[in-house]
Amino acid sequence: MSWSSNNIAHRLIWIFARSLHRDAAFKHDKLTTFIEGGEWNTSFIIDSAVGASDAERQNRADIFARKFNAWITLEKEAIYEDNYSLSSAIQTLTDAFAPATAKLKDCADTVDEIYRCKGEVN
Amino acid sequence: MRRVNFLSKIAIGMLIFYAANVLAQQQKTSAKETFCPNSLSAEICDSYVMMLKDAAATNPKSINEFKEAVSIAAKASLHDPKVLNAVLQSPVLSSKLSNIPISLQFKLLERESAEAVIGMQFSYSKAFNQTVYRSDGIRERSYQIQLDIDGVITQNAQENPRNFITGKLAFVGRSMPSFNLQKLQAGLVPEYCVDEAHINDRACFELEADGVEAFFEPMGSAFYLNYGADFGVETDQRFEAKNQTFGGFMFVAYEDMRIDSFLGYNNIKPSLRIAAETVDPNRETPRALAGDNSSYTRLAAEFSLIVPLQKLAGLPYYFTFNYQAYEEMGASKLVKTANLHAYQLKTYSLNTPTGIFVSYSSGRLPFVLANESTVEIGFQTYF
């Protein structure tokens, strides 16, 4: 499934990403739209410096994954899908966000696979 | 004349594959939708149309001449990494590549005194068997096995200023904040703000962002600590010069979740990784070719800093700094004289969420003999 505002998991990962980078999401009196947000680089979202090594990027992705997992499960009351746990959720999210060339829209389906969000229609 | 090698063939193959798919769609859709359907990026559409226009402008007298003209135009497209990356990310190719767990990105490497070359950055990261063995209290402790491979390859290895491919298999222990946080007070962030109808709503954006800040603020100062041991291989792109490494490392990142502190308010995030490792070089490394093939101990360090500039300087960019250093301990006079005992690479950049605005890097990594400076503007990279 492609990047879609019809998918609550996609909306939640966008809400979280833009909330961590609100200066970048709202500038020149314009709010970055959901569609535009899909083009955000994950390197930017996870706070990885340009030129950083793979190990550094992996560590940054792990930190982002832990924060997102805490927010979506505690604040947004999402639960893990049957084949996921805390460890596997963090690990899968980290692998999705770590690559230097990934965009947010590339990771959205992974988020959807891991979490059953509140109000999600199965 | 530029030599077309395997990288060029890959790129040409992708363009032909893409063009074939577009032509297949041509039979089902209108001309406008065929050239620029909404599902495809503007870069691909523009490039495709320009390619056909350039070919037509040569006034071909036969289909074979037209094919040749298209082929020449396609080769010209190889010098635009924006187009190549857009092709990589097109729905047609990305659906095929999504099963390959390697991240790819093309770069155009413009050198000061040589022809431009296409470089392809690749990376692969995979964590295995992450296990949380303690999560009570304020810190969570876990371990995992981690595999990382990355590098940049170019048409000719001699033209590659980042001719340093690494592969590391690591056992990683982690000590992280446990994120035992509380749900915010009901009503602080209205539930309707996650609805599709409000996803681009300015008021909801502010409420959700305030909510995320309030959610994490009780954590205060957060230290993220990783440590462990890794085994690795470093090589040039010809796989001739190789180092085998084994050592220990520690990574620490700091983040202040409070918005009433300088670092927290400005969202400034530093991190540091240090490692000590033994290096076993083969006979093709620059060090061995200089006359010293012995194993040695090396210290490695990497420092990163992220500084959003909006609040600090009113600029809509993020400044990042990355510094990598490698230093041989107790290097012989021979190695020092050849200047092969220490390597440093510094990278400064201004970023936007969708890419680099401008970056500058200087220095070198192991296997590269001379320091080089790089200026990268958008998708264009100048060495």
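Notes on the structure follow. As the structure is a prediction and not an experimental result, all values here were calculated from the model.

1. Here we look at the overall build of chain A
Okay, so step 1: From N to C terminus, chain A includes seven helices and four strands.
Okay, so step 2: When the helices and strands of chain A are listed from N to C terminus, the series reads α-α-β-β-α-α-α-β-α-α-β.
Okay, so step 3: A globule of 122 residues ought to have a C-alpha radius of gyration of about 14 Å, and chain A, at 14 Å, matches this closely.
Okay, so step 4: Structurally, chain A occupies a C-alpha span of about 35 × 35 × 25 Å along its principal axes.
Okay, so step 5: Counting over 122 residues, chain A shows a buried share of 72%.
Okay, so step 6: Restricting the contact set of chain A to residue pairs at least 6 apart, pairs at least 24 apart contribute 66%.
Okay, so step 7: Charge separation in chain A, taken as the distance between the mean sites of 14 positive and 18 negative side-chain charges, equals 5 Å.

2. Considerations on the interface of chain B and chain A
Many descriptions give the size of an interface as the accessible area lost when the pieces come together.
Okay, so step 1: Counting residues at the interface gives 78 residues for chain B and 62 residues for chain A.
Okay, so step 2: In total, about 6100 Å² of surface goes out of reach between chain B and chain A, with carbon and sulfur atoms giving 53% of it.
Okay, so step 3: When residues of chain B are sorted by the area they lose upon contact with chain A, B:I199, B:F205 and B:P353 head the list and together hold 12% of the total.
Okay, so step 4: Our count for the contact surface shared by chain B and chain A stands at eleven salt bridges.
Okay, so step 5: Note that A:D95 and B:K126 form a salt bridge whose closest N and O atoms lie 3.6 Å from each other.
Okay, so step 6: Along the contact surface separating chain B from chain A lie 25 residue pairs in polar contact (both at pLDDT 80 or more).

3. Comments concerning the pattern of salt bridges
Okay, so step 1: Inspection of the entire model under this criterion finds 30 salt bridges over all chains.
Okay, so step 2: One salt-bridge network, in which partners are shared between bridges, spans A:R22, B:R202, B:E206, B:D210 and B:E213.

4. Points about the state of the cysteines
As used here, a disulfide is simply a covalent bond connecting the sulfur atoms of two cysteines.
Okay, so step 1: Counting across every chain of the model gives one disulfide over all chains.
Okay, so step 2: Sulfur-sulfur distance for the disulfide between B:C193 and B:C204 comes to 2.1 Å. One quick way to see it: the torsion about the S-S bond of B:C193 and B:C204 is about -75°, and its sign makes the bridge left-handed. With a gap of eleven residues between them, B:C193 in the loop between β4 (165–177) and α7 (202–216) and B:C204 in helix α7 connect regions that are remote in the sequence. Taken as a pair, B:C193 and B:C204 share a single burial class, namely buried.
Okay, so step 3: This cysteine, A:C107, is not joined by any disulfide, and A:C117 carries the nearest cysteine sulfur, 15 Å off.
Okay, so step 4: Its relative accessible area of 2% is what places A:C107 among the buried residues.
Okay, so step 5: Taking the relative accessible area as the measure of exposure, A:C117 reaches 4% and is therefore buried.

5. Re the packing of helix α1 (residues 8–20) of chain A against α7(B)
Okay, so step 1: In the contact formed by α1(A) and α7(B), the axes pass within 9 Å of each other and the chain directions differ by 75°. As the angle between them shows, α1(A) and α7(B) are arranged roughly perpendicular. Listed contacts from α7(B) to A:I15, A:F16, A:R18, A:S19 and A:L20 of α1(A) are B:C204, B:F205, B:E208, B:A209, B:V212 and B:F216.
Okay, so step 2: Of the residues in the contact of α1(A) with α7(B), the class split is eight nonpolar, one polar and two charged.

6. What about unusual backbone geometry?
Okay, so step 1: Positive phi, normally seen in glycine, also occurs at A:H28, with a value near 55°.
Okay, so step 2: Within the secondary structure, A:H28 is located in the loop between β1 (26–27) and β2 (30–31).
Okay, so step 3: The class for A:H28 is exposed, based on a relative accessible area of 66%.
Okay, so step 4: A positive phi angle, near 55°, is found at B:F179, a position not held by glycine.
Okay, so step 5: Locating B:F179 in the fold gives a position in the loop between β4 and α7.

7. Regarding the environment of B:F251
Residues and elements named next belong to chain B.
Okay, so step 1: Mapping F251 onto the fold places it in strand β6 (residues 242–256).
Okay, so step 2: The exposure class of F251 is buried, given its relative accessible area of 1%.
Okay, so step 3: Residues F251 and V335, 84 residues apart in the sequence, show an inter-C-alpha distance of 29 Å.

8. A short note on α1(A)
All names here are of chain A.
Okay, so step 1: Along its 13 residues, α1 runs 18 Å from first to last C-alpha, staying within 8% of the 18 Å computed at 1.5 Å per residue.
Okay, so step 2: The buried count for α1 comes to 13 of 13 residues, which makes it a mostly enclosed element.
Okay, so step 3: The N-capping residue of α1, defined by a side-chain oxygen 2.8 Å from the backbone nitrogen of A9, is N7.

9. Quick look at the packing of helix α6 (residues 86–97) of chain A against helix α7 (residues 104–114) of chain A
Residues and elements named next belong to chain A.
Okay, so step 1: α7 packs onto α6 with a crossing angle of 170° between their chain directions and a minimal axis gap of 9 Å. Overall, the two elements α6 and α7 adopt an arrangement that is roughly antiparallel. Like other packed secondary-structure pairs, α6 and α7 cross with a definite hand, here right-handed. Of the residues in α7, those touching α6 at A89, T92, L93, A96 and F97 are L104, C107, T110, V111 and I114.
Okay, so step 2: Considering only residue class, the contact of α6 with α7 consists of eight nonpolar, two polar and no charged.

10. A short note on the pairing of strand β10 (residues 342–352) of chain B
Residue and element names in this part refer to chain B.
Okay, so step 1: As judged from the ten bridges shared by strand β9 (residues 318–328) and β10, these two strands associate in the antiparallel manner. Each bridged residue has a counterpart across the sheet, and for Y318 the counterpart in β10 is N351.
Okay, so step 2: Across eight bridges, β10 lies against strand β11 (residues 355–363) in antiparallel orientation. If you follow T352 over to β11, its bridge partner there is G355.
Okay, so step 3: Between β10 and β11, which follow one another and run antiparallel, lie two residues.

11. A closer look at the environment of A:G37
Residues and elements named next belong to chain A.
Okay, so step 1: Mapped onto the elements of the fold, G37 is located in helix α3 (residues 34–37).
Okay, so step 2: Taking C-alpha positions, G37 is 8.7 Å from A17, a pair spaced 20 residues apart along the chain.
Okay, so step 3: Once you skip the residues sitting within four places of it in the chain, G37 turns out to touch W3, W14, T32 and L104.

Analysis parameters
- Residues numbered from 1 in each chain as written.
- Chains lettered and ligands numbered in written order.
- Predicted model: local features only at pLDDT ≥ 70, side-chain atom pairs only at ≥ 80, totals over all residues.
- Heavy atoms only, no water.
- Helix = DSSP H or I, 4+ residues; strand = E, 2+ residues; numbered from the N terminus.
- Rg over C-alpha atoms; globule rule 2.2 N^0.38 Å.
- Buried < 20%, exposed > 50% of the residue type's maximum accessible area, 1.4 Å probe, protein only.
- Contact = heavy atoms within 4.5 Å.
- Lys, Arg positive; Asp, Glu negative; His and termini not counted.
- Charge placed at Lys NZ, Arg CZ, Asp CG, Glu CD.
- Buried area = accessible area lost by both parts, 1.4 Å probe.
- Salt bridge = Lys/Arg side-chain N within 4 Å of Asp/Glu carboxyl O.
- Polar contact = N/O pair within 3.5 Å; in protein donor to acceptor, adjacent residues only side chain to side chain.
- Disulfide = S-S within 2.5 Å.
- Axes fitted to C-alpha atoms, helices over the stretch in contact; angles between N-to-C directions.
- Parallel < 35°, antiparallel > 145°, perpendicular 65-115°, else oblique.
- Nonpolar A, V, L, I, M, F, W, Y, C, P; charged D, E, K, R; others polar.
- Expected span 1.5 Å × (residues − 1).
- Left-handed = near helix turned anticlockwise from the far one by under 90°.
- Pairing = 2+ DSSP bridges.

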